[in-house]
Amino acid sequence: MKSLRPVTMLQFILIISSFQISVAFLSIPRELARHAGTDGWMVIFLGWGLATLASIAIVKLMKYSPNSSILDLIQRYIGVWAAKLAALIFMSYYLLLAYDGYMIASLVIKLWLLQSTYIYILVLLLLIPTFQIAQHGFQAIGRYSEIVTILSIWIPFIYVSTLRRAHWLYLLPIFKEGWFPVLSSIQFMIYPMLGIGLVLFLYPQLVNKKRALPAMIISNTLTCIVYLGITLICYVYFSPDEIGEYNDPVISIMKSIEFQFIERVEVVFIAFYLFVFSCIWIPSMYLVSRCSASLVGKGQERYHLAVWCIVIEISFFLYRPSFIESAQVNYALNYIGFMMEFVLPAGVLLYVTIRKKMGGGQRT
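Below or above, wherever it landed, is the structure these notes cover. (Residues numbered from 1 in each chain as written. Predicted model: local features only at pLDDT ≥ 70, side-chain atom pairs only at ≥ 80, totals over all residues. Heavy atoms only, no water.)

**A few points about the overall build of the protein chain**
Of the regular secondary structure elements, the protein chain holds 16 helices and zero strands. By the compact-globule yardstick of 21 Å for 364 residues, the protein chain fits well, its C-alpha radius of gyration being 21 Å. Expressed along its principal axes, the backbone C-alpha trace of the protein chain runs to roughly 65 × 45 × 35 Å. In the protein chain, which comprises 364 residues, the share counted as buried stands at 54%. Partitioning the intrachain contacts of the protein chain with sequence separation of at least 6 by distance along the chain shows that 84% fall at a separation of at least 24. Working note: accessible area of the protein chain is about 16,600 Å², and carbon and sulfur atoms make up 68% of it. Looking at charge distribution, the protein chain has the averaged site of its 26 positive side-chain charges lying 18 Å from that of its 17 negative ones. (Helix = DSSP H or I, 4+ residues; strand = E, 2+ residues; numbered from the N terminus. Rg over C-alpha atoms; globule rule 2.2 N^0.38 Å. Buried < 20%, exposed > 50% of the residue type's maximum accessible area, 1.4 Å probe, protein only. Contact = heavy atoms within 4.5 Å. Areas by Shrake-Rupley, 256 points an atom, 1.4 Å probe, with all protein chains shown as cover. Lys, Arg positive; Asp, Glu negative; His and termini not counted. Charge placed at Lys NZ, Arg CZ, Asp CG, Glu CD.)

**Describing the state of the cysteines**
Among covalent bonds in proteins, the disulfide is the one between the sulfur atoms of two cysteines. Under the counting rule described, the total for this entry stands at zero disulfides. Unpaired in terms of disulfides, Cys224 finds its nearest cysteine sulfur in Cys234, a separation of 16 Å. (Disulfide = S-S within 2.5 Å.)

**Description of the packing of helix α4 (residues 70-77) against helix α16 (residues 323-357)**
Contact pair α4 / α16: the axes reach a minimum separation of 11 Å and the direction vectors enclose 40 degrees. Classified by the angle between their axes, α4 and α16 sit oblique to one another. α4 and α16 meet at a crossing whose hand is left-handed. Within the contact between the two elements, α4 uses Ile70, Leu73 and Tyr77 and α16 uses Val348, Tyr351, Val352, Arg355 and Lys356. For the contact of α4 with α16, the residue count by class is six nonpolar, no polar and two charged. (Axes fitted to C-alpha atoms, helices over the stretch in contact; angles between N-to-C directions. Parallel < 35°, antiparallel > 145°, perpendicular 65-115°, else oblique. Left-handed = near helix turned anticlockwise from the far one by under 90°. Nonpolar A, V, L, I, M, F, W, Y, C, P; charged D, E, K, R; others polar.)

**A word on the packing of aromatic side chains**
Per the counting criterion, the structure on display carries 21 aromatic pairs. Relative to Phe201, the ring of Tyr94 has its centre 6.4 Å away and its plane inclined at 80 degrees; by these criteria the two rings are edge-to-face. With Tyr94 in helix α5 (residues 80-112) and Phe201 in helix α11 (residues 199-202), the pair connects residues that are 107 residues apart, well separated along the chain. Looking at Tyr94, the relative accessible area reads 1%, which means it is buried. Judged by centre distance (4.9 Å) and plane angle (80 degrees), the rings of Tyr237 and Phe238 are edge-to-face. Phe238 sits in the buried class, given a relative accessible area of 3%. (Phe/Tyr/Trp six-rings, centres within 6.5 Å; stacked < 30°, edge-to-face > 60°.)

These figures capture arrangement, not role.
What follows is the structure, given as structure tokens:
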């Protein structure tokens, strides 16, 4: 087995949190307002609880394979062909996540910044740094996540400055339509919490594996705090009737912010937020190339990464997605992501646990 470059605890936490926050940050206040009204902020706690339960299952599963990924574990306990099938499924899943990230980012850039620029040109500009970082694996991605976090520290203060126009009565009454809208909206928290599945591949590189579960809980909690903050700010700024009408309330709210030295804060925000956007497609593209190399069984991961970058670019040249199609992909990822990051690890954990208790040996 080739040597794996270690990932520190801080990098581990930030890789997961930045992956979760990336593109879901823009849509979460709108989606929760449409399906749960102004009680939507409560759904975030349910999403946190669900992600924490899945994190426990993932860490318990990876303890059976502390020095190798989920693909090696499946090959050891189920068989070679099961591992090949798993590699194909994970490759397709992370390719869809990367495609969705590029699609949302390019549409936002085109709408707010560069309206006359073709989407495939924007995607090409995003693919170049993707290849430069993703080819070096999780250690480089972890360092990149640290830099992105430092560059994003100013963003919460900008949103807090909008509270001078807040109307806190918009949050009342609580449970105005009962529990059902809150509980039934938990499905819309699946997509914003996707990212815990990275641990299935990242765990072997973690320096202190005994602290993997606390680190995952910290990641989910950081994500929950960010979601809760931006959702409450949007809820007290926009009235309950108008928040659902905005496609990107997180960006629209910045139109109310004015400084003497800058007129359009949202332009600067989108330009900086591109770094946060990239935290979903860079790890995804790395895992696509890694699963692709594992599936084929030959060739270095960087060559596979180059091929998949070309495939992504060609797909955007041939097909120009819209915001409606982007929303449809997001809805689909709520269900696909639930199966891949919540159900699949729990199912494999159950199988491996039963097999160990029945005394079944590992496959060679």
